[in-house]
Amino acid sequence: MAGASIAAEIGDAASVLLLEAEDMPGYHATGRSAAFWEECYGGPAIVPLTLASGAYLQEQGFLSDRGALYLAREQYEALIGKFFADFASSGAFFERIGRDELDAIVPGLKEEWDRAIWQPRCADIDVAGLHAHYLAMAKAAGIVPQCRAQVAAISRKQGKWEVTLADGRGFSAGTLVNAAGAWADEIARMAGVQPLGITPYRRTVVQLRVDPPPPDDLPLCLDIAGEFYFKPESGRLWLSPHDETPSPAVDAAPEELDVAIAIDRLEHTTNWQVRGLERKWAGLRSFAPDRLPVYGRDPLCPEFFWFAGQGGYGIQTAPAAARLGAQLLLGRERDAMTQALDADAYSPARFR
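Residues numbered from 1 in each chain as written. Predicted model: local features only at pLDDT ≥ 70, side-chain atom pairs only at ≥ 80, totals over all residues. Heavy atoms only, no water.

### Points about the pairing of strand 15 (residues 229-233)
Buried residues dominate strand 15, accounting for four of its five residues. Direction of pairing for strand 14 (residues 220-223) relative to strand 15: antiparallel, over a ladder of two bridges. Paired with C221 across the strands is F230, a residue of strand 15. The antiparallel pairing of strand 14 with strand 15 creates a hairpin that spans five residues between the two strands, and G226 there sits at a positive phi of about 80°. Of the pairings in the sheet, the one linking strand 15 to strand 16 (residues 236-240) comprises five bridges and is antiparallel in character. Residue pairing for strand 16: P232 is matched across the bridge by L237. Here strand 15 folds back onto strand 16, and the loop between the two strands holds two residues, one of which, S234, carries a positive phi near 50°. (Buried < 20%, exposed > 50% of the residue type's maximum accessible area, 1.4 Å probe, protein only. Helix = DSSP H or I, 4+ residues; strand = E, 2+ residues; numbered from the N terminus. Pairing = 2+ DSSP bridges.)

See the structure below:
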């Protein structure tokens, strides 16, 4: 998503080569996302990017109503107070609800889960549609991804980047945009640029058959303590233990322990019976040390542009991030989508 979206926003303003190591675009984090547009997901510093992206996602038809609940028990009452304090001036809309309202929204919730924060504007994202949209925009501007294009070496010669692929092909460019996700620091090292400490973390998701089946209109349900989330999908339940396990940059696979933890947490939250585990998968979420994305030219090597560290929020923030990234890269003026964003908060200069 990162590479496709910023390439699309650059368009025909520059000659763009889009390199993809896999057989097809979107194989890793983008293709494994259970993405949703949730105003507060990622914390207060991510909210501006999420809100700035919302109108674009809605207008292009990539959102469908879902709603979200942050579920809580009595011992986590302080976390509800902290949530309200953290997001009070963010522009996000949410309200507190009690057990009576929860019973009508989430049937089968165990008795101790008696309070929640309701976010009616949360929506599912058509991830495949959004990714295809950006690839089509890029193609219309003459940009076609080069797949099976694994980078083997990067050097700087006579003011140009020389990129050599594993199959021996070579390309040159004046600016290198690092949209490599979990491999972002690895690309920086290959280019002789100081890494930023962008670390991949594994996130697990399972698809379950439960009894009774989850209602189609069940909202996204998140534990306010950050131990799980679940949502319905075509009569099944998608469930995550909300794990963040440091990982090398690899083709991530789920661990059996994480799958077991996810199911155990569901069984301690609802009275639903798990009838079968149908699918399981994992993806990598990549975070900079301060957990904010990194957009901008490296201050020590301006020809190297960072577009990485999107964490688990790269899909829901893609429109605003890509627009801002292209503006920073090309020296364009801000527009209505990006004018309220603080680019300095996401600049790689904060680490230098």
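### With respect to the sheet that holds strand 2 (residues 36-37)
Spatially, 2-7-3 is the arrangement adopted by the three strands of the open sheet, whose pairing is antiparallel. With one partner strand each, in any of the chains shown, strand 2 and strand 3 (63-65) form the two edges of the open sheet. Taken together, the two bridges between strand 2 and strand 7 (residues 123-125) define a ladder with antiparallel strand orientation. Pairing of W37 across the sheet is with A123, part of strand 7.

### Quick notes on the pattern of salt bridges
With the rule as written, the count across this model stands at 24 salt bridges. Ionic pairing is found between R66 and D124, a salt bridge with its closest N-O pair at 2.9 Å. Taken as a pair, R66 in the loop between strand 3 and strand 4 (68-72) and D124 in strand 7 lie far apart in primary sequence, 58 residues in all. Accessibility classification places R66 together with D124 in one group, the buried group. Note that E278 is salt-bridged to R209, the shortest N-O span being 3.4 Å. Highlighted residues: E278 in strand 18 (residues 273-287) and R209 in strand 13 (residues 199-211), separated in sequence by 69 residues. Residue classification places E278 among the partly exposed residues on the basis of a relative accessible area of 33%. (Salt bridge = Lys/Arg side-chain N within 4 Å of Asp/Glu carboxyl O.)

### Re helix 5 (residues 127-140)
Between the first and last C-alpha of helix 5 there are 20 Å, a value that for 14 residues agrees with the 20 Å anticipated at 1.5 Å per step. Those residues of helix 5 hidden inside the fold are in contact with helix 1 (2-10), helix 2 (47-59), strand 7 and helix 8 (318-330). Once helix 5 finishes, G142 follows within two positions and takes phi at roughly 90°, a positive value. (Expected span 1.5 Å × (residues − 1). Contact = heavy atoms within 4.5 Å.)

### Here's the deal with unusual backbone geometry
Look at the link from D211 to P212: it is a cis peptide, with omega at 0°. Its identity is not glycine, yet R148 carries a phi of approximately 50°, on the positive side. Summarising the element assignment, R148 is placed in the loop between strand 8 (145-146) and strand 9 (151-157). On the basis of relative accessible area, R148 is assigned to the exposed category, the value being 56%. For H242, which is not glycine, the phi dihedral falls at a positive 60°. Assignment of secondary structure puts H242 in the loop between strand 16 and strand 17 (245-246).

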